[in-house]
Amino acid sequence: MPLANLGQAYSSVLSYVTVLGQQQRFRVRPFNTSVIEGESATLRCEVDHQAGRLQWAKDGFAMGYSRSLPGYHRYRVVGDADLGVHDLELTNATLEDEGRFQCQVSPDGGQPAIRVDAYLTVLLKPVSVRLRSHHWLPVPSGLMQVRHDQNITLECDVTGAKPASGVLWRRNGVDLDQESVHEVMHTSSLRRRSNTTSAISFRATSADDGVDISCLAQHPAVAEAEQRRYTASHTLSVLFGPERVRVWGTTEAKEGDTVHMSCVTSGSNPPANITWFLDSHPVAQASHIVRLAAAGGWTTASNMSTVVPPGTRRDLQVSCRASNRALDVTEVGSAAVSVLCE
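A brief structural summary. Along each chain, residue indices are assigned from 1 in the same order as the chain's sequence is written. Thresholds applied to this predicted model are a pLDDT of at least 70 for local features of residues and 80 or more for the giving and counting of side-chain atom pairs; totals over whole chains, interfaces and linings are not thresholded and use all residues. To obtain the side-chain values, all non-hydrogen atoms of the structure were used and water was disregarded.

## A short note on the sheet that holds strand E7 (residues 75–78)
Move 1: The three strands are arranged E3-E8-E7 in an open sheet whose pairing can be described as antiparallel. The open sheet terminates on both sides in strands that have one partner only, identified here as strand E3 (41–43) and E7. Within the sheet, the average angular offset between the axes of one strand and its neighbour, ignoring direction, is 25 degrees.
Move 2: Strand pairing is assigned whenever DSSP detects at least two bridges linking the two strands. Labels follow the DSSP assignment, with helices taken as runs of H or I lasting at least four residues and strands as runs of E lasting at least two, numbered in each case from the N terminus. With three bridges joining them, E3 and strand E8 (residues 87–90) adopt antiparallel strand pairing. Residue Leu-43 lies in a different strand from E8, and its bridge partner there is Leu-88. The angle between two axes is taken between their N-to-C directions and runs from 0 to 180 degrees, where each axis is a line fitted to C-alpha atoms and a helix contributes only its stretch in contact.

## Re the environment of Arg-193
Move 1: With respect to the helices and strands, the residue Arg-193 is situated in the loop between strand E16 (182–187) and strand E17 (194–203).
Move 2: Here the alpha-carbon distance between Arg-193 and Val-290, two residues 97 residues apart in the chain, equals 52 Å.
Move 3: Residues are treated as being in contact if the distance between any of their heavy atoms lies within 4.5 Å. Leave out the neighbours within four places in its chain, and Arg-193 touches Glu-37, Leu-124, Lys-125, Val-127, Gly-160, Ala-161, Thr-187 and Ser-188.
Move 4: For this analysis, a polar contact is any N or O atom pair within 3.5 Å, provided that within protein one partner can donate a hydrogen and the other can accept it, and provided that sequence-adjacent residues contribute only side-chain to side-chain pairs. Among the polar contacts listed, one links the side chain of Arg-193 to the backbone oxygen of Gly-160, at a separation of 2.7 Å.

## Brief notes about the nonpolar core
Move 1: With 24 residues, the main nonpolar core has Phe-26, Trp-56, Leu-88 and Phe-101 as its most contacted residues.
Move 2: At the level of elements, E3, strand E5 (54–58), E7, E8, strand E9 (99–105) and strand E10 (114–123) are the ones that each hand at least two residues to this core.
Move 3: Among the elements that make up this core, the one with the highest residue count is E10 (four residues).
Move 4: For Phe-26, the contacting residues outside a window of four places in its chain are Cys-45, Glu-46, Val-47, Cys-103, Val-105, Ile-114, Arg-115 and Val-116.
Move 5: In plain words, nonpolar cores are sets of buried Ala, Val, Leu, Ile, Met, Phe, Trp, Tyr and Cys residues tied together by side-chain atoms within 4.5 Å. For every residue, the accessible area (1.4 Å probe, protein chains only) is compared with the maximum for its type, and the residue is labelled buried under 20%, exposed over 50%, or partly exposed between those bounds. Residues Met-144, Cys-215, Val-222 and Val-238 belong to the second largest nonpolar core, which totals 23 residues.

## Remarks on the sheet that holds E17
What links the strands of a sheet is backbone hydrogen bonding, and the strands pair in either a parallel or an antiparallel sense.
Move 1: If you walk across this open sheet you meet the four strands as E11-E13-E17-E16, and the pairing is antiparallel. The open sheet terminates on both sides in strands that have one partner only, identified here as strand E11 (128–132) and E16. Adjacent strand axes in the sheet meet at a mean angle of 15 degrees, parallel and antiparallel pairs treated alike.

## A short note on the environment of His-135
Move 1: Secondary-structure assignment places His-135 in the loop between E11 and strand E12 (144–147).
Move 2: The partly exposed category is assigned to His-135, whose relative accessible area is 26%.
Move 3: Sequence-wise, His-135 and Leu-154 are 19 residues apart; in three dimensions their C-alpha atoms are separated by 8.4 Å.
Move 4: Excluding anything up to four places from it in sequence, His-135 contacts Gln-145, Val-146, Gln-150, Asn-151, Ile-152 and Thr-153.

Here you go:
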């Protein structure tokens, strides 16, 4: 090959390599992004060796080459265009912003068009969180009132979230075992939102009295600082009667003597009412003290004094009857007083 032709060939190859090395390409590509409704998001797009014109498109519709994006008042292209930075910024995100965005550069100077996609997902916080049960007894205090030894199911409804929310159960602030939780997700009446119903079941005991049961919406749009707004809770009031009544006091007396007797109940919710009987006759004169029980509920203590009736020739039976009227339950404790004959 003549030397001149060889030089021209070398020059053409060098030119091709140079052009190839400077072909327009994406330096930073947008990636799939999530944004919380009402907040802002940025889709990155940076181009090296840009030759063509750049614009963004949404769901196949081009938004135009102007960086101010007329007609899209919450959108704008930001960054130094001379450095190939063309990030798409949107503010006050709404559900209508969700979709597939494309950063595209037109062909120019023999260079092909390039484009890259990213999907924007808009997260919607739950509309409400509600704790309910079909086993509650209606009470004006707002407590969740149930009976001792009753099988109950608590349901937590988290509505209107996108995506569907998870639910975390807690007992006095401590996470409950999620293996015992049954969770169902279903479509909300609100567009593109979902509802979640989570349920736990257990047998109520006196140890559950006064316990706080809460359910928390676990959702990517809910920050820890605002978790309280997406929590529902109730305090359990477990109704149970006294299991034991202990009676003690005077063991021997004569006709006309005063007999002093005391009794105390085990825990009861609500507190037990005490009635004294001497044989089968009620005794009106008695004092009563109600105290909070360490194991739950309240104990009721009572002191009674009465006189051995004249003419009594047989032993007396003293009874302390403790009644939980809410449950129609009565427990009786008794003691015998020996009557001494002179």
